[in-house]
Amino acid sequence: MAPIASFHLIRDHAVFSNLTRLGRDRRTLQHTNGLQFWRLMGTGNGRNTGPSVDLRRRAVLAVWDDDMALDQFLRSSPVAKAWREAEESWHVRLRLISGGGKWRGQEILRDMTVATDAPGPIVTLTRANVRPKHWRRFARASRTTNIDVAAASGLLRVVGVGEAPVGKQATVSVWQDESALKSFAYRTAGHIEVMRRTRQEGWYSEELFARFQPYASTGSWDGEDPLAAR
């Protein structure tokens, strides 16, 4: 059995309960068997991938020993129980297609088996630590990218996520297929320009990019499962 990843997006009934879970769930996740890596994060507002916040929504990205470890967590963890009781939640299991980089010094993708045949929808993760001196440039560029990605053909869902302090940013997006993803990434002038500037000006102190094959999903995101019947 090889490690798998999962992504979970949870909307709570009230701001207070969401903020409470952001603090309380960390201790439980730290002591979860079979959980190799996790990040509990806040989210941006709606589809906004630039600087914004939704105080009723949180996200978890995780890497597990295998599917059985995730199954056990979902059956028995009080964190998973809170997800089921939330106003809305969406959960997806992911196999790595390609990617690399580090998250807080860890190569979280290193031991994951690569999916050799991955037709259909694609889930992407982009994550970066923005150097403080480049934060204003990054924030301005994010506004342009946010407009471009929201209008992209073949985009099913997107959410900005992040950790404290400001500057530890990530985006999770769901695409109809690889063709739609590549069309946005390599044919959108604004996105191409931002990629060029990040390299040329050295905006990031650490970054990670990954493409995943989603192979099982449950729950809903903005009222429906974006992967249903795809």
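Conventions adopted
- Residues numbered from 1 in each chain as written.
- Predicted model: local features only at pLDDT ≥ 70, side-chain atom pairs only at ≥ 80, totals over all residues.
- Heavy atoms only, no water.
- Pairing = 2+ DSSP bridges.
- Helix = DSSP H or I, 4+ residues; strand = E, 2+ residues; numbered from the N terminus.
- Axes fitted to C-alpha atoms, helices over the stretch in contact; angles between N-to-C directions.
- Contact = heavy atoms within 4.5 Å.
- Expected span 1.5 Å × (residues − 1).
- Bend = angle between axes of the 7 residues up to and from the residue.
- Buried < 20%, exposed > 50% of the residue type's maximum accessible area, 1.4 Å probe, protein only.
- Parallel < 35°, antiparallel > 145°, perpendicular 65-115°, else oblique.
- Left-handed = near helix turned anticlockwise from the far one by under 90°.
- Salt bridge = Lys/Arg side-chain N within 4 Å of Asp/Glu carboxyl O.
- Phe/Tyr/Trp six-rings, centres within 6.5 Å; stacked < 30°, edge-to-face > 60°.
- Lys NZ or Arg CZ within 6 Å of the ring centre and 35° of its normal.
- Patch = residues over 30% accessible without salt bridge, like charges linked within 9 Å, V, L, I, M, F, W, Y side chains within 5 Å.
- Areas by Shrake-Rupley, 256 points an atom, 1.4 Å probe, with all protein chains shown as cover.
- Core = buried A, V, L, I, M, F, W, Y, C linked by side-chain atoms within 4.5 Å.
- Nonpolar A, V, L, I, M, F, W, Y, C, P; charged D, E, K, R; others polar.

> Help me understand the sheet that holds strand β1 (residues 4–11) in this model?
Strand pairing in a sheet takes place through backbone hydrogen bonds and is either antiparallel or parallel in direction. The strand order around the closed barrel built from eight strands is β1-β3-β2-β6-β7-β5-β8-β4, with neighbouring strands paired in antiparallel fashion. Across this sheet, the average inter-strand angle for adjacent strands is 30 degrees, counted without regard to direction. Relative to strand β7 (residues 168–175), strand β6 (residues 155–163) runs antiparallel, the two being bridged by eight bridges. Counterpart to Val161 in the pairing with β7 is Ala170. Strands in contact with helix α1 (residues 15–30) are β1, β2 (35–43) and β3 (54–64); relative to β2, the strand with the most contacts, it is inclined by about 165 degrees.

> Could you clarify how one ought to interpret α1 in this entry?
For α1, spanning 16 residues, the distance from its first C-alpha to its last is 24 Å, which sits close to the expected 22 Å at 1.5 Å a residue. Helix geometry: α1 is bent most strongly at Arg24, by close to 30 degrees. Taken together, the buried positions of α1 are Asn18, Arg21, Leu22, Asp25 and Leu29. Looking at the packing, one finds that the buried side of α1 touches β1, β2, β3, α2 (67–76) and α3 (78–85).

> Explain the packing of α2 against α3 to me, please; I cannot follow it from the model alone.
The description of two helices packed together rests on the angle between their axes and the distance between the axes. Where α2 contacts α3, the two axes come as close as 5 Å, and the packing angle between them is 65 degrees. As judged from the angle between their axes, α2 and α3 are roughly perpendicular. Regarding α2 and α3, the two cross each other, and that crossing is right-handed. In this structure, α2 uses Phe73, Leu74, Arg75 and Ser76 to contact α3, whose residues at the interface are Pro78, Val79, Ala80, Trp83 and Arg84.

> Looking at this structure, how should I read the pattern of salt bridges?
Two side chains with opposite charge may pair up if their charged atoms get near one another. Applying the stated criterion across every chain yields a total of 20 salt bridges. The partner of Asp71 in a salt bridge is Arg93, with the nearest N and O atoms 2.6 Å apart. Of this pair, Asp71 sits in helix α2 while Arg93 sits in strand β4 (residues 88–101), and the two are 22 residues apart along the sequence. Relative accessible area serves as the criterion here: at 26%, Asp71 is assigned to the partly exposed category. The salt bridge involving Glu207 is made with Arg199; its shortest N-O contact spans 3.3 Å. Take Glu207: its relative accessible area is 33%, and that puts it in the partly exposed class.

> It is not clear to me how the packing of aromatic side chains should be interpreted in this structure. Could you clarify?
Note on aromatic pairs: each is described by the distance of the centres and the angle between the planes. Per the stated rule, a full pass over the model turns up seven aromatic pairs. Relative to Phe73, the ring of Trp64 lies with its centre 5.1 Å away and its plane at 45 degrees, an arrangement referred to as tilted. With respect to class, Trp64 is no different from Phe73; both count as buried. Aromatic pair Phe73 and Trp83: ring centres 5.4 Å apart, planes at 65 degrees, arrangement edge-to-face. Of this pair, Phe73 sits in helix α2 while Trp83 sits in helix α3, placing them ten residues apart in sequence. Overall, the relative accessible area of 3% leaves Phe73 in the buried class. Taken together, Trp64, Phe73 and Trp83 form an aromatic cluster joined through their ring pairs. The ring of Tyr215 carries the charged tip of Arg95 above its face, separated from the ring centre by 3.8 Å.

> So what exactly am I meant to see when it comes to the pairing of β6 here?
The side chains of a regular strand alternate, residue by residue, between the two faces of the sheet. Among the nine residues in β6, nine count as buried, and that is most of the element. The pairing of β2 with β6 spans two bridges and is classified as antiparallel. Note that in β6 the partner of Gly42 across the bridge is Gly162.

> How should a nonpolar patch on the surface be read in this particular structure?
A cluster of nonpolar side chains, contributed by Val15, Leu19, Val53 and Leu55, occupies part of the molecular surface with about 320 Å² of accessible area. The residue Val15 is located in helix α1 in this model.

> Mind showing me how you'd approach the nonpolar core here?
As a rule of thumb, nonpolar side chains are buried together in soluble globular proteins. One finds Phe7, Trp103, Ile108, Leu109, Leu125 and Phe212 to be the most contacted residues of the largest nonpolar core, which totals 29 residues. Leaving out residues up to four positions away in the same chain, Ile108 has contacts with Phe37, Leu61, Val63, Trp103 and Leu208. With 17 residues, the next largest nonpolar core counts Ala69, Leu70, Phe73 and Trp83 among its residues.

> Explain the packing of helix α5 (residues 178–187) against helix α6 (residues 189–201) to me, please; I cannot follow it from the model alone.
Between α5 and α6, the least distance of the axes is 6 Å, while the angle of their chain directions is 65 degrees. Contacts between α5 and α6 pair Phe184, Ala185, Tyr186 and Arg187 from the former with Ala189, His191, Ile192 and Met195 from the latter. A class-by-class count of the residues in the contact of α5 with α6 yields six nonpolar, one polar and one charged.

Everything listed here is a matter of geometry and, on its own, says nothing about what the molecule does.
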